[in-house]
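# Observations on the three-dimensional arrangement
The residues making up each chain are set out below.
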Amino acid sequence: MKPNATFKRSLGLGLLAVLLLAVLTFVMLRSGPLAATRVTVQPAQRASLAPALFGIGTVQARRAYFIGPTAAARVLRVMVDVGDTVQAGQLLAEMDPVDLDERLAALDAALARAGSTAAAAEAQRQDALARKELAQMNARRDADLASRNFISAGALEARLQEQTSAEAAVAAAAANLAATRQDRDRLAAERDGLRRQRDNLRLLAPAAGVVTQRDAEPGSTVVAGQAVVQLVDPASLWVNVRFDQGRSAGLAAGLRAEIALRSNPAQPLPGRVARVEAVSDSVTEERLAQVAFDRLPAGVSMGELAEVTVSLPATAESLVVSNASLQRRAGQVGVWLADGEGLRFAPVRVGLAGLDGRVQVLDGLQPGDPVVEYSEKELGPDSRVSVVSSLPGRRP
Amino acid sequence: MISLAGRDILHSWSKFVLTGVGLGLLIGVTLTMTGVYRGMVDDARMLLANSRADLWVVQQDTQGPYAESSSLRDDTVRSILGLPGVAQAANVTYFTMQVRSGARDVRAMVVGFEPGQPGAPGFLVAGRHVTRSHYEAVADVATGFSLGERIRIRRHDYTVVGLTRRMVSSGGDPMVFIPLKDAQEAQFLKDNDAILNERERTAANPVFNRPGVPGLLEAVQASQASSRSVNAVLVQVQPGLSAEAVAEPIRRWKHLEAYTREQMEEILVAKLIATSARQIAMFLVILAVVSAAIVAFIIYTMTLGKIREIAVLKLIGTRNRTIAGMILQQALGLGLIGFVVGKISATFWAPLFPKYVLLETGDAVRGLVAVMLICALASTLAIRAALQVDPAAAIGG
């Protein structure tokens, strides 16, 4: 073997060994426990936030009517079906009146009879009046004769007694007439009452609306208060929204809102918070509010799921950071600052948060502070970091 | 004094380097196998570390929420928050399912969490944390989801707003974090057919559908559809207190089970992944034995391949020690090249594995020592053969 070739070979082998060692060092430093944690840094900036609240709810009718009888009854007929538009006062259904019609006929007959009785009483009174007039004339004439002593005092007294009797007979006839009239009035009132009861079995629409349910069919018996037909006012649809209590600060009536219906989430509809309920749900820890559509979309169905975003007034300019920067250490909220020396945990006080993930920082930071936004792993005060522009988003 | 070993290597350097590389790939496989085992244990530890809890409160007599299923009412957390020593407590749900995105689906552990509480994702690599109380998700990058992607969990679509890393279940499935209320619904919500059938079944039951009691059926059906259960309550204890001291009254007076982190790690590592870990460990032992045998045979055959040269050396009066030294040096050199190549290759292919492979420095050092020991031991066999060579073989042949 020539010395030259030997030298070349040993040089090649040496280079190979150096290369291997270099790759090994590189590999050891880039992965494993010795490697630095890669982080991205975003300087704290001043900006104004447009906070918003997000809740989900269902489309409901503000005014819904459950129409049923006031007493247990059997359904005679139902005039409308689901989807029908009805006017106020329209007959929707009728309950079986059983014997009410017959009782009405009986009362009508009794009323007619009361009219006849009243006519008879009137005739009797006329008769009594005539008798009274005759008795008065006789009494006057006999009194004249008695003053001239043509007749005895006894005859005059008999005439006077006749007159008093005739007057009493008139009073009796008048009272009899009044009684028959009262009887007739009572019967008329009874008949009116019965007719009202009869009308009460006719279920009428209290307002214009659309039939949403037909709960009972003819022949079925319903109890008092059970609905036979349900109506809603389609113009009164709104969204009953539930907001997480922890993220409901600032919710108030009148705020602008965007409603995304499940059937068409790509086109949010404008709306407004119509009412915020004073009582919130203590079990689900949610606040309840109703959001009305500015313009009711066609074909919206009740019970449809809707996502509602309520926009709050924009805040004044202040320091903002991404909520990915916020970390919790030993009960304190803060951010990691990556300045020249290394990592430093800075506790901060945070204010409002936007739905875009930006959070207002009230104090604890200066503008331009290098805030760590993303990191490859959980950071600690002793972590070695290397700042990169972005972290790989695919592979671990 | 020239190095006999060096001269010999230079003489047949390509054979030597190629043997080293081959050996290195074998060692790389062994190191990777160790990494697979370490990765399994690390997955379990990460699950505990990422939840940032000191105590896991679960249903009585269960080892939930990871090893067994556990179900608690979601207002249990309020009574736990009132206990002395509790700094923070939060409901959490876990369930493993296929998360759909378009045509493909990914096996993932869906976690229902409360923002800012234990159980929430700690750090992100992209995007932002969840800000809406519904229908937003933070996913582990291992799911392959990207920011803004719409994923489907049961009947609702969620938007991926943030990505995180190394958030895995004990089985290595990547996690998808969604708001607790959505998760409760998703976990306990039945499909539409099941709901309809259940309604029919209830309506057919005369107890729940009595004539003359309007509204009873509706009330019963409404109560069947809602869900108020969670899987566990994660508790952080106040600084300075021992977790066990806080756990004791929970077990005794709340009639719930509470595990400290040590106990939970014991459950996860010793019980949940024990069988699969032992499977890997068994394979690792066999692989190590086979590797050692192959190294020994390689060195032995390498020595036998130059038996004539050794006979010549003996003929010219080289001392036995020099010959033995040459073989030993070559064996160790081979081992060193093998180790370096193995370590590099293992590091390069480890990230390609679907599950996490953890290559620990300690394992690498132990591997290096083991490789050197095996090479030294194997060389004794070769040295013995070399020393028994008759110098006459150099000219006999």
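Residues numbered from 1 in each chain as written. Chains lettered and ligands numbered in written order. Predicted model: local features only at pLDDT ≥ 70, side-chain atom pairs only at ≥ 80, totals over all residues.

With that out of the way, let us pick up the overall build of chain B. Each helix and strand in chain B was counted, giving 13 helices and twelve strands. For 397 residues, the compact-globule formula gives about 21 Å, and the C-alpha radius of gyration of chain B, at 31 Å, lies well above that figure. In terms of principal-axis extent, the alpha carbons of chain B reach across some 115 × 50 × 40 Å. When each of the 397 residues of chain B is scored for burial, the buried share is 43%. Pairs at least 24 residues apart make up 78% of the contacts formed inside chain B by residues separated by at least 6 positions. (Helix = DSSP H or I, 4+ residues; strand = E, 2+ residues; numbered from the N terminus. Rg over C-alpha atoms; globule rule 2.2 N^0.38 Å. Buried ≥ 20, exposed ≤ 12 C-beta atoms within 10 Å, placed from the backbone. Contact = placed C-beta atoms within 7 Å.)

This paragraph deals with the overall build of chain A. A tally of regular secondary structure across chain A gives three helices and 24 strands. Whereas a compact globule of 396 residues would reach a radius of gyration of roughly 21 Å, chain A reaches 49 Å, over 25% beyond that. With the C-alpha coordinates aligned to their principal axes, the bounding extent of chain A is approximately 195 × 50 × 35 Å. Expressed as a percentage of the 396 residues in chain A, the buried residues total 24%. Considering only contacts within chain A whose residues lie at least 6 apart along the sequence, 74% involve residues at least 24 apart.

The next thing to look at is the nonpolar core. Within soluble globular proteins, side chains that are nonpolar generally end up buried alongside one another. Among the nonpolar cores identified, the biggest contains 127 residues, and Leu-55, Val-57 and Val-235 of chain B are the most heavily contacted of them. In terms of residue count, the dominant contributor to this core is helix α2 (residues 13–51) of chain B (eleven residues). Not counting residues within four places of it along the chain, the set of residues in contact with Val-235 of chain B comprises Ala-53, Asp-54, Leu-55, Val-57, Ile-80, Val-86, Ala-89 and Val-246 of chain B. Formed by 36 residues, the second largest nonpolar core is a distinct cluster that contains Ala-52, Val-211, Ala-289 and Ala-306 of chain A. (Core = buried A, V, L, I, M, F, W, Y, C linked by C-beta atoms within 7 Å.)

Residues and elements named next belong to chain A. One open sheet accounts for four strands, arranged β4-β11-β9-β6; its pairing is antiparallel. In the strand order of this sheet, the two ends are held by β4 (64–67) and β6 (85–86), each with one partner. Here four bridges tie strand β9 (residues 209–214) to strand β11 (residues 229–232), and the two strands are oriented antiparallel to one another. Note on β11: the bridge partner recorded for Gln-213 is Gln-230. (Pairing = 2+ DSSP bridges.)

A few words on the interface of chain B and chain A. Taken together, the contacts link 35 residues of chain B with 38 residues of chain A. Breaking the side of chain B that touches chain A down by element, the ones donating at least two residues are α2, β8 (156–164) and α11 (320–349) of chain B. No other element matches α11 of chain B, which puts four residues into the side of chain B that touches chain A. Looking at side-chain class alone, the side of chain B that touches chain A contains 18 nonpolar, twelve polar and five charged residues. (Nonpolar A, V, L, I, M, F, W, Y, C, P; charged D, E, K, R; others polar.)

In this section: the sheet that holds strand β17 (residues 318–322) of chain A. All names here are of chain A. Ordered in space as β2-β17-β22-β21, the four strands form an open sheet in which the pairing is antiparallel. With partners counted over all chains shown, the strands left at the sheet margins are β2 (45–47) and β21 (349–353), one partner each. Here the strands of the sheet are splayed against their neighbours by 50 degrees on average, with no regard to which way each runs. (Axes fitted to C-alpha atoms, helices over the stretch in contact; angles between N-to-C directions.)

A word on the pairing of strand β3 (residues 86–101) of chain B. Residue and element names in this part refer to chain B. The pairing of β3 with strand β11 (residues 232–237) spans six bridges and is antiparallel. By the bridge assignment, Val-92 is partnered in β11 with Ala-232. Two elements, β3 and strand β4 (residues 104–113), share nine bridges in a ladder whose sense is antiparallel. Among the inter-strand pairings, Gln-98 is bridged to a residue of β4, identified as Arg-107. Connecting β3 to the antiparallel partner β4 that follows it, the hairpin turn spans two residues, and Gly-102 within it adopts a positive phi of roughly 65 degrees.

Here we take up helix α2 (residues 100–147) of chain A. Residue and element names in this part refer to chain A. With 48 residues, α2 ought to run about 70 Å at 1.5 Å a step, and its terminal C-alpha atoms sit 69 Å apart, in line with that. If you check which residues of α2 are buried, you get Ala-121, Arg-125, Ala-128, Lys-132, Ala-135 and Asp-142. Looking at the buried positions of α2, the neighbouring elements they touch are α3 (153–200). Asn-149, located one to two residues past α2, shows a positive phi value of around 60 degrees. (Expected span 1.5 Å × (residues − 1).)

This brings us to the packing of α2 of chain B against helix α12 (residues 361–387) of chain B. Helix-helix packing: each pair is described by the crossing angle between the helix axes and the interaxial distance. Residues and elements named next belong to chain B. At their nearest, the axes of α2 and α12 sit 11 Å apart, and the two run at 145 degrees to each other. For the element pair α2 and α12, the recorded crossing hand is right-handed. In contact with Ile-27, Leu-31, Thr-34 and Arg-38 of α2, α12 contributes Asp-363, Gly-367 and Val-371. Here the residues of the contact of α2 with α12 are counted per class, giving three nonpolar, two polar and two charged. (Left-handed = near helix turned anticlockwise from the far one by under 90°.)

Let us look at unusual backbone geometry. Residue and element names in this part refer to chain B. With a phi close to 55 degrees, Arg-166 is a non-glycine residue in the positive phi region. Of note in this structure, His-255 is not a glycine but carries a positive phi near 55 degrees. By the element assignment, His-255 lies in the loop between α7 (243–253) and β12 (257–260). The class of His-255 is exposed, set by 10 C-beta atoms lying within 10 Å.

We now examine α12 of chain B. All names here are of chain B. For α12, which comprises 27 residues, the first-to-last C-alpha distance of 38 Å matches the rise-based estimate of 39 Å (1.5 Å per residue) to within 8%. Burial in α12 covers these residues: Ala-364, Gly-367, Val-371, Ile-374, Cys-375, Ala-378, Ser-379, Ala-382, Ile-383 and Ala-386. Turning to α12, the residues buried within the fold contact α2, α9 (274–305), α10 (307–315) and α11.

Bringing the confidence of the model for chain B into the picture now. All names here are of chain B. Averaged over all residues, the pLDDT of chain B is 86; the fraction at 70 or higher stands at 98%. No element of chain B has a lower mean pLDDT than helix α1 (residues 4–11), which averages 70, and none a higher one than strand β9 (residues 175–179), which averages 94. Across the interfaces of the predicted complex, the ipTM metric reaches 0.74, alongside a pTM of 0.78. (pLDDT = per-residue confidence, 0-100.)

All names here are of chain A. Looking at the secondary structure, you find Leu-343 in strand β20 (residues 342–347). Take Leu-343: there are 19 C-beta atoms within 10 Å of it, and that puts it in the partly exposed class. For the pair Leu-343 and Pro-313, spaced 30 residues apart in sequence, the C-alpha to C-alpha distance is 36 Å. Beyond its immediate sequence surroundings of up to four residues, Leu-343 is in contact with Trp-336, Ala-338, Leu-379, Pro-381, Ser-383 and Val-385.

What follows covers the pairing of strand β16 (residues 305–311) of chain A. Residues and elements named next belong to chain A. Pairing of strand β3 (residues 52–61) with β16 involves seven bridges; the strand directions are antiparallel. Counted as the bridge partner of Gly-57 is Ala-306 from β16. Taken together, the five bridges between strand β13 (residues 256–261) and β16 define a ladder with antiparallel strand orientation. Residue pairing across strands places Leu-261 opposite Ala-306, the latter belonging to β16.

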